[in-house]
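If you want the building blocks of each chain, they are given just below.
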Amino acid sequence: VILIGRKRGIASLLGMAFSFFVIFVFVLPQILAGQNPVLIVILASLGIIPLTFYLSHGINRKTTAAVLGTIISLIITGFLATIFIGAAKFTGFASEEANFLQAARPDIINMKGLLLAGILVGILGILDDITISQAAIVQQLKTTSPQLRFPGLFAKTMDVGKDHIASTVNTLILVYTGAALPLLLLFLDNPQPIAAVINSEIIAEEIMRILLASIGLILAVPITTAIAAGMIKK
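These lines cover the structure that appears in this document, whether it is placed above or below. (Residues numbered from 1 in each chain as written. Predicted model: local features only at pLDDT ≥ 70, side-chain atom pairs only at ≥ 80, totals over all residues. Heavy atoms only, no water.)

### Brief notes about helix α5 (residues 111–144)
With 34 residues, α5 should reach 50 Å at 1.5 Å per residue; the first-to-last C-alpha distance of 50 Å fits that figure. Its axis deflected by about 35 degrees at Leu-127, α5 carries its strongest bend there. (Helix = DSSP H or I, 4+ residues; strand = E, 2+ residues; numbered from the N terminus. Expected span 1.5 Å × (residues − 1). Bend = angle between axes of the 7 residues up to and from the residue.)

### Re the packing of aromatic side chains
Counted according to the given criterion, the structure contains two aromatic pairs. When the ring of Phe-150 is compared with that of Phe-154, the centres are 6.0 Å apart and the planes differ by 15 degrees; the resulting orientation is stacked. Pair noted here: Phe-150 and Phe-154 are both in helix α6 (residues 150–179), with a separation of four residues, about one helical turn. In this structure Phe-150 comes out as partly exposed when scored by relative accessible area, which is 40%. The exposure class of Phe-154 is partly exposed, given its relative accessible area of 26%. (Phe/Tyr/Trp six-rings, centres within 6.5 Å; stacked < 30°, edge-to-face > 60°. Buried < 20%, exposed > 50% of the residue type's maximum accessible area, 1.4 Å probe, protein only.)

### Focus: unusual backbone geometry
The phi dihedral of Arg-6 falls on the positive side, at around 50 degrees, and the residue is not glycine. The topology assignment puts Arg-6 in helix α1 (residues 2–32). In this structure, Lys-89 is a non-glycine residue whose phi angle is positive, near 65 degrees. Among the secondary structure elements, Lys-89 is positioned in the loop between α3 (61–87) and α4 (96–104). When its relative accessible area of 66% is taken as the criterion, Lys-89 is described as exposed.

### Notes on the packing of α5 against α6
At their nearest, the axes of α5 and α6 sit 10 Å apart, and the two run at 155 degrees to each other. Compared by their axis directions, α5 and α6 come out roughly antiparallel. Read as a crossing pair, α5 and α6 show a hand that is right-handed. Contacts from Ile-126, Asp-129, Ile-130, Ser-133, Gln-134, Ile-137, Val-138, Leu-141 and Lys-142 of α5 reach α6 at Leu-153, Lys-156, Thr-157, Val-160, Gly-161, His-164, Thr-168 and Leu-172. For the contact of α5 with α6, the per-class residue count stands at eight nonpolar, six polar and three charged. (Axes fitted to C-alpha atoms, helices over the stretch in contact; angles between N-to-C directions. Parallel < 35°, antiparallel > 145°, perpendicular 65-115°, else oblique. Left-handed = near helix turned anticlockwise from the far one by under 90°. Contact = heavy atoms within 4.5 Å. Nonpolar A, V, L, I, M, F, W, Y, C, P; charged D, E, K, R; others polar.)

### Details of the nonpolar core
Counting residues in each nonpolar core, the largest one holds 54 residues, and the members touching the most others are Val-27, Ile-49, Leu-74, Ile-85 and Leu-127. Those elements that provide at least two residues to this core are α1, α2 (37–57), α3, α5, α6 and α9 (201–231). It is α5 that provides the largest number of residues to this core, a total of 13 residues. Beyond its immediate sequence surroundings of up to four residues, Leu-74 is in contact with Ser-45, Ile-49, Leu-120, Ile-123, Leu-124 and Leu-127. (Core = buried A, V, L, I, M, F, W, Y, C linked by side-chain atoms within 4.5 Å.)

What follows is the structure in C-alpha cells.
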C-alpha cells in the first residue's frame, strides 16, 4: 500500500487503524455492556466515515459528496434491514458464535440487533469504493467538460455507475458465497427439499445479507452521483 499509494497509501492505513480503534475501543465494549448494537454502529460510522474518507481522499468536494452519499445510503439500508429482518422473524441465533455469546452474556446482548449491526458494518466497508468512484467520475467529467450542467453530469456518470453496480454486486455475491462454501456444500448434500433448506435461518441470513448489501450499493450510486453533480462546480 505504501509502495504504490505513497502518501495516500499511508493515509489509508491510518484510516484503517482508526476504524479498528473505534470498533475495539467503542463499538464492542458498548455492545458487551448491553447497548443497542444498531445505534452504536451508526454512531461509530458517523465518526469513521468522514475521518477515513478525508484521510484517504483529501478534503475536497468530491470526498464530501462521497461522505454524504455513504451516510445516506447506510441509513436507508439500516432502515430496510430493520424492516425485513423483523418480517423474516430472524432470532440472531443461527451461528454457533451467537449461541456461545448468549451463554456467556445471557439476556444482555440484543442478538437480533447484533445481526443488524453486522450487516451495516459489512455494507460500510463496501460503500467507500462505490461512492468515491462515482464522485470522482463527476469531478473528472466536470474538469474535461466544464459546460456540463447537472442533468448531463448525472446522466453520463450514471452510465458508468450502471457498470459499477453490475460488477460490484457480482463481486459481493461471490465474496459471500466463498465465505459460506463449506456450509453450502453441507446443505447441498442434505436430503431435505430446497424450500426447507433456504428457509433455515443460517442460510436465510446469508441470503438477506446479500440482498440488503446489494440494495445499499445500488442506492448509493444515484444518491452519490446526484450529490456530487450538485456540489462540484469546477
